[in-house]
Amino acid sequence: MVLMEKYLQSSRSSLKLLLSLLWMWHRRLLDDTSSRLELSDHIAPEFHKLFLVMSFYATAEHEKERLQYFASAEGRDDLYKYNQKERRSVLEVLEDFPSVQIPFEWLVQLVPPLKPRAFSISSSPSAHPGQVHLTVSIVSWTTPYKRVRKGLCSSWLASLNPEKGVYVPAWFHKGCLPAPPTQLPIILVGPGTGCAPFRGFIAERAVQSLSGPTAPVIFFFGCRNKDTDFLYRDFWESQSRNSVSGGVLSEEKGGGFYAAFSRDQPKKVYVQHKIREQRKKVWELLRDGGAAVYVAGSSTKMPADVMAALEEIVAEETGGSKADAERWLRALEKAGRYHVEAWS
């Protein structure tokens with residue numbers, strides 16, 4: 001706080017500039033571009049500019065040299081180690097270079113804004129009228145130097161008291177996963193928070209099933225442990241039960257729910273393994289039912305692993321080559337029957 005006060009102690013003209021800049025940032029927030037004045041998580045050009053400008057205002061020679069080095073092409077790798085691995089904030093950078101006397105108006109203009117956070121809606125307008133549900137993973141990790149870091153947006157959301165009204169600015173954008181028609185069979189793959197959009201899909205189809213027959217739904221879910229991070233367990237299990245009414249994921253209605261708990265046994269099990277286990281059912285829905293495939297979740301390896309599992313099934317069931325299976329699935333995608341929404 002003392003450090004920030006140093007930059008807030010300015011003349012009347014600087015205060016006027018500050019108010020103008022804050023209004024500008026407020027307008028940018030309303031225009032859906034940014035929300036907070038903090039250091040970007042990535043080593044962007046603005047980040048190099050920040051270090052370069054700081055070097056001009058450093059009074060200690062050793063700090064000036066280090067800042068100039070970080071801003072240079074030669075110092076890029078060390079800058080990555082300094083900031084990216086530790087996720088330092090602007091305030092922490094300023095604390096590391098106490099001789100820097102940068103004017104506040106320069107600081108505000110140089111600091112890049114954070115990117116907006118995008119979340120998949122995990123509710124159904126029919127099942128939850130007037131509501132929008134989100135499924136948010138609370139981000140927290142420890143850096144190589146044992147600093148505990150928390151996600152800014154997820155930690156703030158988790159700190160809110162649901163009993164108190166809180167204004168949260170939000171914008172709605174068209175996603176990558178179109179809502180499936182009632183009579184379209186669907187194969188859903190959503191490990192972790194990737195299950196979010198499919199909770200909405202399944203809740204919507206459950207409401208639709210009350211007034212008439214609906215097409216089959218099979219859902220492949222994955223998480224680390226059944227007892228600790230099985231998101232929406234009661235909901236999936238209730239929709240999987242065979243009963244008089246029958247949930248939309250029940251075998252009675254041609255559906256299925258298959259969960260992969262990767263850490264509950266010595267050998268890791270992921271959604272692609274469950275897809276291979278259900279190869280006959282998957283192929284029948286794709287070939288005979290004209291099913292569409294929806295994949296949501298981490299953009300690291302999961303989407304590619306799911307695609308590889310489906311290629312294997314198509315090649316085996318058609319007797320074709322891997323290249324033939326790839327072409328078959330590409331045709332599925334071009335026909336609007338293969339959708340992926342992945343994030344890092």
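Before any of the text, the structure's been laid out above.
Below or above, wherever it landed, is the structure these notes cover. (Residues numbered from 1 in each chain as written. Predicted model: local features only at pLDDT ≥ 70, side-chain atom pairs only at ≥ 80, totals over all residues. Heavy atoms only, no water.)

### A look at helix α14 (residues 322-334)
Since the α-helix packs 3.6 residues into each turn, any two residues three or four apart lie on the same face.
Next, step 1: Taking 1.5 Å per residue as the helical rise, α14 with its 13 residues ought to reach 18 Å, and the 18 Å between its terminal C-alpha atoms agrees with that figure.
Next, step 2: For α14, the complete set of buried residues consists of Ala325, Leu329 and Leu332. Looking straight down α14, one finds that the buried residues subtend no more than 50° of arc, so they occupy a single side.
Next, step 3: On the buried face of α14, the contacting elements are α12 (279-287), β6 (292-298), α13 (302-318) and β7 (338-343).
Next, step 4: Once α14 ends, the next one or two residues include glycine 336, with phi positive near 80°. (Helix = DSSP H or I, 4+ residues; strand = E, 2+ residues; numbered from the N terminus. Expected span 1.5 Å × (residues − 1). Buried < 20%, exposed > 50% of the residue type's maximum accessible area, 1.4 Å probe, protein only. Arc of directions from axis to C-beta. Contact = heavy atoms within 4.5 Å.)

### Re the nonpolar core
Next, step 1: With 25 residues, the main nonpolar core has Ile187, Phe220, Ile275, Val282, Val293, Val306 and Leu310 as its most contacted residues.
Next, step 2: Listing elements by their share of this core, those giving two or more residues are β3 (186-189), β4 (217-223), α11 (271-277), α12, β6, α13 and α14.
Next, step 3: Considering every element that reaches this core, the biggest residue donor is α13, with seven residues.
Next, step 4: Among all residues touching isoleucine 187, those that are not within four sequence positions of it are Ile218, Phe220, Val282, Leu285, Leu286, Ala291, Ala292, Val293 and Tyr294. (Core = buried A, V, L, I, M, F, W, Y, C linked by side-chain atoms within 4.5 Å.)

### Digging into the packing of aromatic side chains
Next, step 1: Across all of its chains, the model carries 19 aromatic pairs by this definition.
Next, step 2: Put simply, the rings of Phe198, Phe201, Phe219, Phe221, Phe230, Tyr232, Phe235, Trp236, Phe257, Phe261 and Tyr294 touch in pairs and so form one group of aromatic residues.
Next, step 3: Lying across the ring of tyrosine 82, arginine 88 places its NZ or CZ 4.0 Å from the centre. (Phe/Tyr/Trp six-rings, centres within 6.5 Å; stacked < 30°, edge-to-face > 60°. Lys NZ or Arg CZ within 6 Å of the ring centre and 35° of its normal.)

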